[in-house]
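Chain by chain, the residues run as shown.
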Amino acid sequence: MKRTALAVVVITALSISPVFAQTDSIKASAIILDADGAEIGKASLIQAPTGVLMHLKVSSLSPGKHGLHLHGHGECDAKTGYKSAKGHVGKSDGGHGLLNPDGPEPGDLPNIFVGADGTGEMEAFSTMVSLTGGDNNLLDEDGSTFIIHENADDHVSQPIGGAGGRVACGVIEKD
Ligand SMILES: [Cu+2]
């Protein structure tokens with residue numbers, strides 16, 4: 001009888017722990033800067049059980065689709081045309097693109113759509129990156145950034161889907 005009671009207690013403790021893990025989720029955010037370094041939006045990220053859920057909201061961009069990627073260095077220097085953010089997270093030769101049979105790269109994301117009023121908003125989820133560890137940890141020592149490109153990413157052309165220049169940048173920082 002005593003043994004049964006103990007077993008119940010153990011099972012209860014195990015079933016509660018995932019709930020605690022969720023409320024303790026690691027979060028991060030990024031202030032998005034335009035090509036001149038002025039603030040135009042914000043991104044928030046949260047570690048989910050199997051990947052990272054991201055939410056972005058921007059304004060003052062040209063209407064239409066814009067390529068959006070995670071770049072592998074946490075620096076947004078407008079004077080460099082945001083080249084300071086370096087290449088995509090997990091960059092591999094010929095590996096760019098969500099529609100590429102040899103891809104995608106962990107930094108690849110769907111395009112962000114900007115409306116006629118210049119505002120854009122999206123939610124995206126990736127199982128290829130993490131906020132907690134591994135090869136594609138967005139919060140690693142080197143940091144990481146969101147880069148919004150001038151044009152749409154066709155998800156298959158190399159090396160960046162024909163997305164053109166870098167028009168916005170945001171350093172991802174742990175909350
Ligand atoms: Cu990019």
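Reading the values: rules and limits
Residues numbered from 1 in each chain as written. Predicted model: local features only at pLDDT ≥ 70, side-chain atom pairs only at ≥ 80, totals over all residues. Heavy atoms only, no water. Donors = N, O, S within 2.8 Å, 3.2 Å for Na, K, Ca; no water. Tetrahedral: all angles 85-135°; square planar, octahedral: opposite > 155°, others 65-115°. Helix = DSSP H or I, 4+ residues; strand = E, 2+ residues; numbered from the N terminus. Buried < 20%, exposed > 50% of the residue type's maximum accessible area, 1.4 Å probe, protein only. Disulfide = S-S within 2.5 Å. Salt bridge = Lys/Arg side-chain N within 4 Å of Asp/Glu carboxyl O. Lys, Arg positive; Asp, Glu negative; His and termini not counted. Polar contact = N/O pair within 3.5 Å; in protein donor to acceptor, adjacent residues only side chain to side chain. Core = buried A, V, L, I, M, F, W, Y, C linked by side-chain atoms within 4.5 Å. Patch = residues over 30% accessible without salt bridge, like charges linked within 9 Å, V, L, I, M, F, W, Y side chains within 5 Å. Areas by Shrake-Rupley, 256 points an atom, 1.4 Å probe, with all protein chains shown as cover.

**Student:** Which residues make up the coordination of the copper ion, and what are the values?
**Tutor:** Only His69 (ND1), His71 (NE2), His88 (NE2) and His149 (NE2) from the protein reach the copper ion as donors, at distances of 2.0 to 2.7 Å. For the copper ion, the four donor atoms are set out with angles of 75 to 138° between them, so the coordination reads as irregular. The sequence pattern describing where the donors of the copper ion fall on their chain is H-x1-H-x16-H-x60-H. Taken together, the residues His71 in strand β5 (residues 68–71) and His88 in the loop between β5 and β6 (112–114) connect sequence positions 17 residues apart. Classification of His88 by relative accessible area gives buried; the value is 5%.

**Student:** Lay out the state of the cysteines with the relevant residues and their values.
**Tutor:** Within this structure, the stated rule accounts for one disulfide. In this model, Cys76 is linked to Cys169 through a disulfide, with the two sulfur atoms separated by 2.0 Å. Its torsion about the S-S bond being -75°, the disulfide of Cys76 and Cys169 is classed as left-handed. Of this pair, Cys76 sits in the loop between β5 and β6 while Cys169 sits in strand β9 (residues 166–171), and the two are 93 residues apart along the sequence.

**Student:** How would you sum up the pattern of salt bridges? Please name residues and give values.
**Tutor:** If you walk through the whole model with that rule in mind, you get one salt bridge. Between Glu105 and Lys91 there is a salt bridge whose closest N-O contact spans 3.0 Å. Pair noted here: Glu105 is in the loop between β5 and β6 and Lys91 is in the loop between β5 and β6, with a separation of 14 residues, a long-range link. On the basis of relative accessibility, which here comes to 0%, the residue Glu105 falls in the buried class. For Lys91, a relative accessible area of 39% corresponds to the partly exposed category.

**Student:** Before we move on, can you summarise the side chain of Asp34 with the specific residues and values?
**Tutor:** Mapped onto the elements, Asp34 comes out in strand β1 (residues 27–34). Within the buried set, Asp34 has no salt-bridge partner at all; the shortest N-O distance to an opposite charge, 13 Å, is to Lys79. Among the polar contacts listed, one links the side chain of Asp34 to the backbone nitrogen of Asp36, at a separation of 2.9 Å.

**Student:** Kindly report on the nonpolar core, identifying the contributing residues and their values.
**Tutor:** Core analysis: the largest hydrophobic core is formed by 26 residues, its most contacted members being Ile32, Leu45, Leu70, Phe146 and Ile148. Residue assignment for this core shows that the elements contributing at least two residues are β1, β2 (39–48), β3 (51–58), β5, β6, β7 (120–126) and β8 (145–149). Broken down by element, this core gets its largest block of residues, four residues, from β3. Cys76, Tyr82, Ile147 and Cys169 belong to the second largest nonpolar core, which has five residues in total.

**Student:** Outline a nonpolar patch on the surface, listing residues and values.
**Tutor:** A cluster of nonpolar side chains, Leu98, Leu99 and Val156, forms an exposed patch at the surface whose accessible area comes to about 270 Å². Structurally, Leu99 can be placed in the loop between β5 and β6.

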